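What follows is each chain in one-letter form.
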Amino acid sequence: MSTADTRISPLKMRQAQFRRAIHHMGHLKRGVVDFFLRPKRTLSVCFPVEMDDGSVRVFHGYRTLHSTILGPGKGGIRYHPKVTAREVEALATLMTWKCALIRVPFGGAKGGVACDAKALSEGELRRITRRYVAELGDNIGPHTDIPAPDLYTNQQTMAWVYDTYQALHPGENNLPVVTGKPLDLGGAEGRSEATGHGAISALARYLELHPLDGHRTLAGCSVAVQGFGEVGRVAAERCAELGARVIAISDSSGGILARDGLDLAAVRQHKAACGRVDGLAGTTTIDNETLLTLDCDVLIPAALANQIHAGNAADVRARVVVEGANAPLTPQADRILQERGIPVLPDILANSGGVVVSYYEWVQNLKNESWTRAENLARLDARMQDATAGVVGRRDTLLAEHRDRQRPPDLRTAALAIAIERLSRVTLERGIWP
Ligand code: GLU
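Reading guide: rules and limits
- Residues numbered from 1 in each chain as written.
- Predicted model: local features only at pLDDT ≥ 70, side-chain atom pairs only at ≥ 80, totals over all residues.
- Heavy atoms only, no water.
- Pairing = 2+ DSSP bridges.
- Helix = DSSP H or I, 4+ residues; strand = E, 2+ residues; numbered from the N terminus.
- Contact = heavy atoms within 4.5 Å.
- Axes fitted to C-alpha atoms, helices over the stretch in contact; angles between N-to-C directions.
- Core = buried A, V, L, I, M, F, W, Y, C linked by side-chain atoms within 4.5 Å.
- Buried < 20%, exposed > 50% of the residue type's maximum accessible area, 1.4 Å probe, protein only.
- Expected span 1.5 Å × (residues − 1).
- Parallel < 35°, antiparallel > 145°, perpendicular 65-115°, else oblique.
- Left-handed = near helix turned anticlockwise from the far one by under 90°.
- Nonpolar A, V, L, I, M, F, W, Y, C, P; charged D, E, K, R; others polar.

S.K.: Sorry, what's going on with the sheet that holds strand β12 (residues 344-345) here?
M.R.: Reading across from one edge, β9-β8-β7-β6-β10-β11-β12 is the order of the seven strands in this open sheet, with mixed pairing throughout. Each edge of the open sheet is held by one strand with a lone partner, namely β9 (284-286) and β12. The sheet contact formed by strand β8 (residues 254-257) and β9 spans three bridges and is antiparallel. Looking at β9, one finds that isoleucine 256 is bridged to threonine 285. Here helix α7 (residues 230-241) sits on the sheet in contact with β6 (222-226), β7 (245-251) and β10 (298-301), set at roughly 170° to β7.

S.K.: How should I be thinking about the nonpolar core in this particular structure?
M.R.: Generally speaking, a soluble globular protein has its nonpolar side chains buried in company with each other. Leu203, Leu218, Val223, Val267 and Ile300 are the most contacted members of the largest nonpolar core, which totals 82 residues. Broken down by element, this core gets its largest block of residues, nine residues, from helix α14 (residues 411-430). Once residues lying within four places of it in the same chain are set aside, the contact partners of valine 223 are Leu218, Cys239, Ala244, Arg245, Val246, Ile247, Ala248, Val298 and Ile300. Of all hydrophobic cores here, the second largest spans 26 residues; its members include Phe47, Phe59, Ala117 and Tyr162.

S.K.: When you look at helix α1 (residues 10-23) in this model, what are you seeing that I'm missing?
M.R.: An α-helical turn contains 3.6 residues, so any two residues separated by three or four positions project in the same direction. Given a rise of 1.5 Å per residue, 14 residues ought to cover 20 Å, and the 20 Å separating the end C-alpha atoms of α1 matches this to within 8%. Buried residues of α1: Leu11, Met13, Arg14, Gln15, Gln17, Phe18, Ala21 and Ile22, and no others.

S.K.: Any chance you could explain the packing of helix α12 (residues 353-367) against helix α13 (residues 373-401) here in plain terms?
M.R.: Packed helix pairs are characterised by how far apart their axes lie and by the angle those axes make with each other. Contact pair α12 / α13: the axes reach a minimum separation of 10 Å and the direction vectors enclose 135°. Of the possible angle classes, the one that applies to α12 and α13 is oblique. In terms of crossing hand, the pair formed by α12 and α13 is right-handed. Every residue of α13 that contacts α12 at Gly353, Val356, Val357, Tyr359, Tyr360 and Gln364 is listed here: Asn376, Arg379, Leu380, Arg383 and Met384. Of the residues assigned to the contact of α12 with α13, the class counts are six nonpolar, three polar and two charged.

S.K.: What am I meant to see in the packing of helix α6 (residues 194-209) against α13 here?
M.R.: Following both chains from N to C, one finds α6 and α13 inclined at 45°, their axes separated by 8 Å at the closest point. Between α6 and α13, the angle is such that the two are oblique. Seen along the crossing, α6 lies across α13 with a hand that is right-handed. Residues Ala194, His197, Gly198, Ser201, Ala202, Arg205, Tyr206 and Leu209 of α6 form the contact with α13, whose participating residues are Leu377, Leu380, Asp381, Met384, Gln385, Thr388, Ala389 and Val392. Classifying every residue of the contact of α6 with α13 gives nine nonpolar, five polar and two charged.

Here is the structure:
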């Protein structure tokens, strides 16, 4: 079921969140803050691709550079039928805040091609990628705008991005032009699991600070995860490693439930064999809607945007929600959960692990180094935990200062406040040009 609030423009939603945070930050210089509301530029490209059957199809692609205040643009490329310029702009905006909050020296960017990756062959995806990257030309580069994987793109896609850029810029170290590459091509160990891993580091730290009925760790907690892609699967596996019981998981075809805990290795094998998670022996088939309203300790929506909305937020029975995906909650859902006292670890914090290890990959590519998986993930853990403690601390300070009748600040507002303050400070330090 979807409701009117799921049709909110993603950009408007980000701007509304931004304004909420600004409300708690009277000291900021006005014009500077306005500067962060709009993207610096959006490129829109349209190109033909020859399909396997010999026909020709036209594709539309976008790349937004939202801000370069903290460094070159950074952000993924997504392949999805619903990609639009507005969506890409909203996601680029989120990347600016994410990078500022998690303290990586990048600005925000995002790209996408409107296409159904699941219905395309490998050859078609390769031709779409090469042509899209060629169309972007010098608007991406190791020191200007650095893509990475996102929805329905992966290491293979990033290898084609690199190869195409390299063909157009021979004789240079172009490895840092894109992150999330295969390991043999300068990819960072641990990058593919970084977003899911990072989400659980943030959750673990949050539980230390705010125990759930005396639970200071994930041990014994029940967890439901929406999504079995790179983020959902890894988040589920990490929860299980830390002693939690993952009771439900889903993919785009549907979900499965086992109250005593799922055998995640069996889920993985079943998915590999059948292409879907449902139908696994010993589990009950449920739909995505049921998964979101299960009685559990932790709910991790790690699939698409707008999954929890005005129509189902009142039915959510989890004790804490972790935004593994970008924007899985609508602003109305956010408000309803806040009123019901269910904390939400916001996307800007919870799914920033990917860009953190992307940063490590970029640094290693520039220095021709290769760190171990343990090193990358240990650094990631420390950064996620610090950022989480920072956001919780900031929320507590904002709450103590909160005097008016407006809605009290939540974790999202606190995370944004930290990011916006850093961006404004650096903008003024650099000086408005000329
Ligand atoms: N697509 C990921 C995100 O939304 C990663 C971006 C990156 O690594 O640059 O955060």
